[in-house]
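# A structural walkthrough
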Amino acid sequence: MKQDMIVVLDLGSTRNTDVARAIRALGVYSEICNYDIRLEELKKMPNVRGIVANGGPNNVVEGKKVVLSQEVLESGLPVFTFDYPEGPENVSMPQSDEEIAQVLKKFVFDQCHATPNWNMENFIQDQIEAVQNQVGDKKVLLALSGGVDSSVVAALLLKAIGQQLVCVHVNHGLLRKGEPEQVVKVFREELGANLIYVDASQRFLSKLEGVSDPEEKRKIIGAEFIRVFEEEARKLQGIEFLAQGTIYPDIVESGTKTAKMVKSHHNVGGLPDDLKFDLVEPLKMLFKDEVRACGVALGLPDSMVYRQPFPGPGLGVRCLGAITRERLEAVRESDAILRKEFAARGLDKTVWQYFTIVPDFRSVGVRDHARSFDWPVIIRAVNTVDAMTAQVPQLPWEVLQTVTERILQEVPHVNRVCFDLSPKPIATIEWE
Ligand code: XMP
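The structure displayed is predicted, hence computed values, not measured ones. (Residues numbered from 1 in each chain as written. Predicted model: local features only at pLDDT ≥ 70, side-chain atom pairs only at ≥ 80, totals over all residues. Heavy atoms only, no water.)

### Structural notes on the overall build of the protein chain
Note the following rule: Every helix listed is a DSSP run of H or I at least four residues long, and every strand listed is a run of E at least two residues long, numbered separately from the N terminus. Radius of gyration: over C-alpha atoms. The globule rule applied is 2.2 Å multiplied by the number of residues raised to the 0.38 power. When checking whether two residues touch, look at their non-hydrogen atoms; a contact exists if any pair is within 4.5 Å. Computed with a 1.4 Å probe, the accessible areas rest on the Shrake-Rupley method; for each residue, only the protein chains presented here act as cover. The convention is simple: Lys and Arg are positive, Asp and Glu are negative, and His and the chain ends are not counted. In plain terms, the charge of a residue is placed at NZ if it is Lys, CZ if Arg, CG if Asp and CD if Glu.
A count of helical and extended segments in the protein chain gives 15 helices and 16 strands. By the compact-globule yardstick of 22 Å for 432 residues, the protein chain fits well, its C-alpha radius of gyration being 23 Å. Dimensions of the protein chain, computed from C-alpha atoms along their principal axes, come out at roughly 75 × 50 × 40 Å. Within the protein chain, contacts between residues separated by at least 24 positions form 74% of all contacts whose residues are at least 6 apart in sequence. For the protein chain, the computed accessible surface area is about 19300 Å², with 51% contributed by carbon and sulfur atoms. Here the protein chain carries 50 positive and 61 negative side-chain charges, and the mean point of each set is 3 Å from the other.

### Here's the deal with the sheet that holds strand β6 (residues 79-82)
Quick note on the threshold: Pairing between two strands is assigned when DSSP locates at least 2 bridges connecting them. The axes are straight lines fitted to the C-alpha atoms, using for helices just the contacting stretch, and the angles between their N-to-C directions are given from 0 to 180°.
What the five strands build is an open sheet, ordered β2-β1-β3-β6-β7; its pairing is parallel. Strands at the two margins of the open sheet, each flanked by one partner only, are β2 (29-34) and β7 (90-91). Sheet analysis places β6 next to β7, joined by two bridges and oriented parallel. Following the sheet pairing, F82 is matched in β7 by V91. In the packing of helix α1 (residues 16-25) onto the sheet, the strands contacted are β1 (5-11), β2, β3 (48-55) and β6, and the crossing angle to β2 comes to about 155°. Packed on one face of the sheet, helix α4 (residues 97-111) meets β1, β3, β6 and β7 and runs near 165° to β6.

### Structural notes on the layout of surface pockets
Here is the rule: Here a cavity means grid points, on a 1 Å grid over the protein atoms only, where a 1.4 Å probe fits yet cannot get out; a pocket means an open set of points with protein on both sides within 12 Å along at least five of seven lines; lining residues are those with an atom within 4 Å of a point. Grid points are joined across faces, edges and corners, and a volume is the space filled by probe spheres set on the points. Classification convention: Asp, Glu, Lys, Arg as charged; Ala, Val, Leu, Ile, Met, Phe, Trp, Tyr, Cys, Pro as nonpolar; all other residues, Gly among them, as polar. Note that domain bounds follow an automatic or database assignment of domains.
Of the voids in this model, the second largest pocket is the one considered here, and its volume is about 670 Å³. Lining the second largest pocket are 25 residues; nearest its centre among them are S303, M304, Y306, R307 and Q308. For the lining of the second largest pocket, the secondary-structure elements that each account for two or more residues are α7 (179-190), α12 (302-305), α13 (325-344) and α14 (347-350). Among the elements that line the lining of the second largest pocket, the one with the most residues is α7, at four residues. Considered class by class, the residues forming the lining of the second largest pocket number 10 nonpolar, five polar and 10 charged. Built from parts of two domains, the lining of the second largest pocket gets at least three residues from each of domain 2 (120-305) and domain 3 (318-419).

### Points about the sheet that holds strand β9 (residues 165-171)
Spatially, five strands are ordered β10-β9-β8-β11-β12 in an open sheet, and the strand pairing comes out parallel. At either margin of the open sheet sits one strand with a lone partner, and together these are β10 (194-199) and β12 (278-280). The average angle at which neighbouring strand axes cross in this sheet is 30°, direction not considered. Contacts between α7 and the sheet are confined to β9 and β10, with β10 contributing the most and set at about 165° to the helix.

### Overview of the packing of aromatic side chains
Aromatic rings considered in pairs are described by the distance between their centres and by the relative angle of their planes. Spelled out, the test is: Between 30 and 60 degrees the pair is tilted, below 30 it is stacked and above 60 it is edge-to-face, where a pair is any two Phe, Tyr or Trp rings, Trp via its six-membered ring, whose centres lie within 6.5 Å. The cut-offs for exposure are 20% and 50% of the maximum accessible area for each residue type, with area from a 1.4 Å probe on protein chains only; residues under the lower value are buried, those over the upper are exposed, and the others partly exposed. Charges are assigned to positions over rings by a cutoff of 6 Å between ring centre and Lys NZ or Arg CZ, combined with an angular limit of 35 degrees from the ring normal.
Scanning all chains against the criterion turns up seven aromatic pairs. Relative to F225, the ring of F204 lies with its centre 5.9 Å away and its plane at 70°, an arrangement referred to as edge-to-face. Of this pair, F204 sits in helix α8 (residues 201-208) while F225 sits in helix α9 (residues 214-236), and the two are 21 residues apart along the sequence. Residue classification places F204 among the buried residues on the basis of a relative accessible area of 1%. Among the aromatic side chains, those forming a connected cluster through ring pairs are Y29, W118 and F123. The side chain of R176 reaches across the aromatic face of F310, ending 4.0 Å from its centre.

### Side note on the confidence of the model for the protein chain
Predicted coordinates in areas of low pLDDT are best not read in detail. Going by this rule: pLDDT runs from 0 to 100 and stands for how confident the predictor is about each residue.
Residues with a pLDDT of 70 or more make up 93% of the protein chain, whose mean pLDDT is 90. A low-confidence stretch, residues 267-271 stays under pLDDT 50, and its non-local contacts, those more than four residues away or across chains, total 13 contacts.

### A short note on the environment of A223
Counting through the fold element by element, A223 comes out in helix α9. Classification of A223 by relative accessible area gives buried; the value is 12%.

### Some points on the pairing of β3
The buried count for β3 comes to seven of eight residues, which makes it a mostly enclosed element. As defined by bridge partners, β1 adjoins β3 across seven bridges and the pair is classed as parallel. Across the sheet, L9 pairs through a bridge with A53, a residue of β3. Alignment of β3 against β6, held across four bridges, turns out to be parallel. Looking at β6, one finds that N54 is bridged to F82.

### Regarding the pairing of strand β8 (residues 139-143)
This is how it is decided: We call a crossover right-handed when, viewed with the strands running away from us, the connection from the first strand over the helix to the second turns clockwise.
Bridge analysis of β8 against strand β11 (residues 239-243) gives four bridges, and the strand direction is parallel. Within β11, the position partnered with K139 by the bridge is I239. One ladder, built from four bridges, connects β8 with β9; its direction is parallel. Bridge pairing in β9 places V140 opposite L165. In this region the chain leaves β8, passes through helix α6 (residues 148-161) and returns to the parallel neighbour β9; the handedness of that crossover is right-handed.

So, in structure tokens, the structure goes:
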């Protein structure tokens, strides 16, 4: 690891990622650690130049008042605190990112003397070496969904280990319209990667039959995914590693000691106990915008790098409650219409994520002079930098009307279209 690092210690703040991102924006690498990290663990981390301890309301974590340990305070490393009155140097957390950056700039450069050497070229070089050291001459299996994260992992691993990388694209029956075909075309035909295509739609849909709890659905999909890979690996033989497109928000939101779990993200949860693989997760310390920058630096085309994110459990978390074929098709078809109409107006370049949801309740309508009792489609469109918070952009009324008309005319069993205006927080981006 070549980069200098500033460690952000989480003392119950909700702004840890803002602080870590602000430090990275200064060109210095930063990681978030729990408040009770031991000095020996800190010493094992490479090139730590300073510590920012990040307090919150009353510094309470899981109902317990937390304090900075004496050994960390006496480590000899410069320590800066936000919202922690007991700190040696303490400042209230400013509201705007610009102010946070200004405050941190002095600390990071004047007191810690950190070198601003955090950039994608260094990151990629570090990761290539790390992967080569970890993997040796063994083979690595990659779950290639075709989304931004797994595509960037594929490009990075192709650079690091070439044909030792075996990509497996599993069609779990919850992909968007035309997606499996496109993944095969781009990766197998254009990039020359080792790619195995597995159609497991039936298997996933039967496992999910009748399951309505969102967490249970996520766990089933995650666990089934891993099993499919295990089976592929056994067929292939000699596979010891599993690569994943886990990114930093997946880890932070899946719950650390100090951050409560929001939802079990597909890339982290669901690993069975008898798992035989060691994990290769080269992007696990990157925020989403950094993953895109990494993809660009690796030479991936913009169309792949700036594609909107798509969750691992796919349309499964957008077909709410117990999945049925009828509603799943309604999600898939309405999503295809929304994507087409957004692209036709260039909104695919300005809106970060946009999709449709079909809930598991019906409403009354009237079609062809007769009563209908059918499903609603909900349109969701959000802008965000890192998916930790999100805002709903103002969209041209005309596009919403066109999408509504098309969905009502073209998608069977749908009689109503709604638009979700909720920001994150209080809502999350996905509905499940
Ligand atoms: P939420 O719903 O948590 O979503 O606000 C934040 C971002 O993460 C995506 N998402 C996932 N991505 N595996 C993923 O790789 C998952 O299980 C998963 N669940 C949500 C979501 O689409 C949004 O961009």
